[in-house]
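# Structural characterization, general
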Amino acid sequence: MTDTNNNNNNDDAEKMRLAFEQFMLSGGKNSKNNNNSQEKNSNEEVTTPQSTSSKSKKKKKKKRQSTGATSNKVVSTPPATTKQPSSSPQPTTTTPNPKIKKRYYQLLRSFNDKVKHTWMDIDEQLLSVLQNIVSIRGRVPHEWKVLSQATRYHQAKLVEDSPEQEEEFDNDGNHGDDWKSYGHQETSSQSVSHHLRIDDIQLALSHDLEQHEKMLTGLRSLMSNMAECHDALGRIVDNLWQFHYEVENNEGMNKDESLEHIVTCVTSLYQMLSMELYRKQNMIPMVIDSMKDEILGMNNELGKGHDVGTKKSQTLVRECCKSWKRSSSDEELLLSVMKLGES
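We now turn to the structure provided with this report.

Cut-offs and rules
- Residues numbered from 1 in each chain as written.
- Predicted model: local features only at pLDDT ≥ 70, side-chain atom pairs only at ≥ 80, totals over all residues.
- Heavy atoms only, no water.
- Helix = DSSP H or I, 4+ residues; strand = E, 2+ residues; numbered from the N terminus.
- Buried < 20%, exposed > 50% of the residue type's maximum accessible area, 1.4 Å probe, protein only.
- Contact = heavy atoms within 4.5 Å.
- Areas by Shrake-Rupley, 256 points an atom, 1.4 Å probe, with all protein chains shown as cover.
- Salt bridge = Lys/Arg side-chain N within 4 Å of Asp/Glu carboxyl O.
- Core = buried A, V, L, I, M, F, W, Y, C linked by side-chain atoms within 4.5 Å.
- Axes fitted to C-alpha atoms, helices over the stretch in contact; angles between N-to-C directions.
- Parallel < 35°, antiparallel > 145°, perpendicular 65-115°, else oblique.
- Left-handed = near helix turned anticlockwise from the far one by under 90°.
- Nonpolar A, V, L, I, M, F, W, Y, C, P; charged D, E, K, R; others polar.
- Expected span 1.5 Å × (residues − 1).
- Arc of directions from axis to C-beta.
- Patch = residues over 30% accessible without salt bridge, like charges linked within 9 Å, V, L, I, M, F, W, Y side chains within 5 Å.
- Phe/Tyr/Trp six-rings, centres within 6.5 Å; stacked < 30°, edge-to-face > 60°.
- Disulfide = S-S within 2.5 Å.
- Polar contact = N/O pair within 3.5 Å; in protein donor to acceptor, adjacent residues only side chain to side chain.

Looking only at helices and strands, the chain has 8 helices and 0 strands in total. Each helix (α) and strand (β) of the chain, taken in turn from the N terminus, gives the series α-α-α-α-α-α-α-α. When the 343 residues of the chain are sorted by exposure, 26% land in the buried category. Here the analysis covers contacts within the chain between residues at least 6 apart in sequence; of these, 88% occur between residues at least 24 apart. Carbon and sulfur atoms make up 52% of the accessible area of the chain, which amounts to about 24,000 Å² in all.

Following this line, the structure appears as structure tokens:
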């Protein structure tokens, strides 16, 4: 039994030795290494789908976070815009409403139309009336002198045609110098009135005097019309200033320089027209008060009129005509406001 056991042990040892030699000769290490590499590759193959899936999950999470952030930003912007008016209460960013500008220009055009079609027409009519007065006052004294000469000649001729004068002429043989008043070369001092009848001269004189009275009444009526026009312009300026104050008191409205320019130009033009009205209202009474008999060359005695008063009255009205027109600066202001309304 012992021998068999020993033999078995020896056989086992021999087998182990042979197996070890075979293992050493076959390169067991390489096989192990190959086995280990295969195991690692299998492990990597198992782990790679996990890593790719985890990466895709991370990317999806990032996309969701980014989309969520943008959505949150979009949602958060409206309250930011709504908070701006509360944070900045100053009205510097707002501009005037187009309706407000339209109202300004409506008042400007109504003012310009009143000045152009009413004020300037009345002013031109007043100047033409003054010029007519100058011409009439230049004719009336000459007509008065011719009338006085014609009446003297007519009275003298009546005396000559009397029967008593005819007898004296027959006795003396001198029938006067009647031949001197005939032909183109007249030498008689009274030849001017020979060709005009007294009725014609009186008709011309009465017509000029009547026209002179009409011109004076026209001056009064035209000046009253100019004063009424001035009152209407004042009402337009008051409406413009009232509307301008309402716009300025509005806290949400920004000031516009063009609208301020309109208000200042209209106001300065109205002031200029007011001074012009005052100046012309002082001229008209001087023209009306100069209407006297002596100024027109008429005197109580026929044929003894003088031209001193006539020249004074004519020069007075002529000076009024020269100073009637406005100055160059006032004319430039008027034209600038008219162009402002046309723009």
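This paragraph deals with the pattern of salt bridges. Should their charged atoms come close, side chains of opposite charge can pair. Going through the model one piece at a time under the given rule, you end up with 9 salt bridges. Here Glu276 ties to Lys280 by a salt bridge, and the two come within 2.5 Å at their closest N and O atoms. Of this pair, Glu276 and Lys280 are both found in helix α6 (residues 257–289), 4 residues apart, which corresponds to roughly one turn of the helix. An identical accessibility class is assigned to Glu276 and Lys280; each is buried. For Arg326, the salt bridge is made with Glu276, and the minimal N-O distance between the two is 3.3 Å.

To continue, consider the nonpolar core. Ranked by internal contacts, the top residues of the largest apolar core, which has 56 residues, are Phe111 and Leu219. Elements supplying a minimum of two residues to this core: α3 (98–160), α5 (198–249), α6, α7 (308–322) and α8 (328–342). Setting aside anything within four residues of it in sequence, one finds Phe111 in contact with Leu233, Ile236, Val237, Val266, Leu269 and Tyr270.

At a closest axis distance of 10 Å, the pairing of α6 and α8 adopts a crossing angle of 140 degrees. One way to sum up the angle between α6 and α8 is to call them oblique. Crossing angle aside, the handedness with which α6 passes α8 is left-handed. In this structure, α6 uses His261, Ile262, Cys265, Ser268, Leu269 and Met272 to contact α8, whose residues at the interface are Asp330, Leu333, Leu334, Val337 and Leu340. A per-class count over the contact of α6 with α8 returns 8 nonpolar, 2 polar and 1 charged.

So, about the packing of α5 against α6. The axes of two packed helices give the description: the angle between them and the distance between them. Contact geometry for α5 and α6: axes closest at 10 Å, N-to-C directions at 160 degrees. Considered as vectors, α5 and α6 are oriented roughly antiparallel to each other. For α5 against α6, the interelement crossing comes out left-handed. For the contact of α5 with α6, the class distribution of residues is 17 nonpolar, 6 polar and 4 charged.

Turning next to α8. Over its 15 residues, α8 runs 21 Å from end to end, which matches the ideal 21 Å to within 8%, given 1.5 Å per residue. Here α8 has its buried residues at Leu334, Val337, Met338, Leu340 and Gly341. Looking straight down α8, one finds that the buried residues subtend no more than 160 degrees of arc, so they occupy a single side. Exposed residues on α8 whose side chains face more than 90 degrees from its buried face are Ser328, Glu332, Lys339 and Glu342.

What follows deals with a nonpolar patch on the surface. Together, Phe20, Phe23 and Met24 line one region of the surface with nonpolar side chains, adding up to about 330 Å² of accessible area. Its location among the elements puts Phe23 in helix α1 (residues 2–26). Judged by relative accessible area, which is 34%, Phe23 ranks as partly exposed.

Glancing now at the packing of aromatic side chains. Across all of its chains, the model carries 2 aromatic pairs by this definition. Ring geometry for Tyr104 versus Phe243: centroids 5.2 Å apart, planes at 70 degrees, classification edge-to-face. Of the two residues, Tyr104 sits in helix α3 while Phe243 sits in helix α5, which places them 139 residues apart along the sequence. Relative accessible area serves as the criterion here: at 18%, Phe243 is assigned to the buried category. Taking the centre distance of 5.5 Å and the plane angle of 40 degrees together, the rings of Trp241 and Tyr245 count as tilted. Of this pair, Trp241 and Tyr245 are both found in helix α5, 4 residues apart, which corresponds to roughly one turn of the helix. Residue Trp241 is classed as partly exposed on the basis of its relative accessible area of 28%.

With that settled, the discussion passes to the state of the cysteines. Using the criterion set out here, one finds 0 disulfides in the structure. In this structure Cys320 is a free cysteine whose sulfur lies 7.0 Å from that of Cys321, the closest cysteine sulfur available.

What follows concerns the side chain of Lys280. Given a relative accessible area of 0%, Lys280 falls into the buried group. Reaching out from Lys280, the side chain makes a polar contact with the backbone oxygen of Trp324 at a distance of 3.4 Å. Ignoring anything within four residues of it in the chain, the contact list for Lys280 reads Asp123, Met223 and Trp324.

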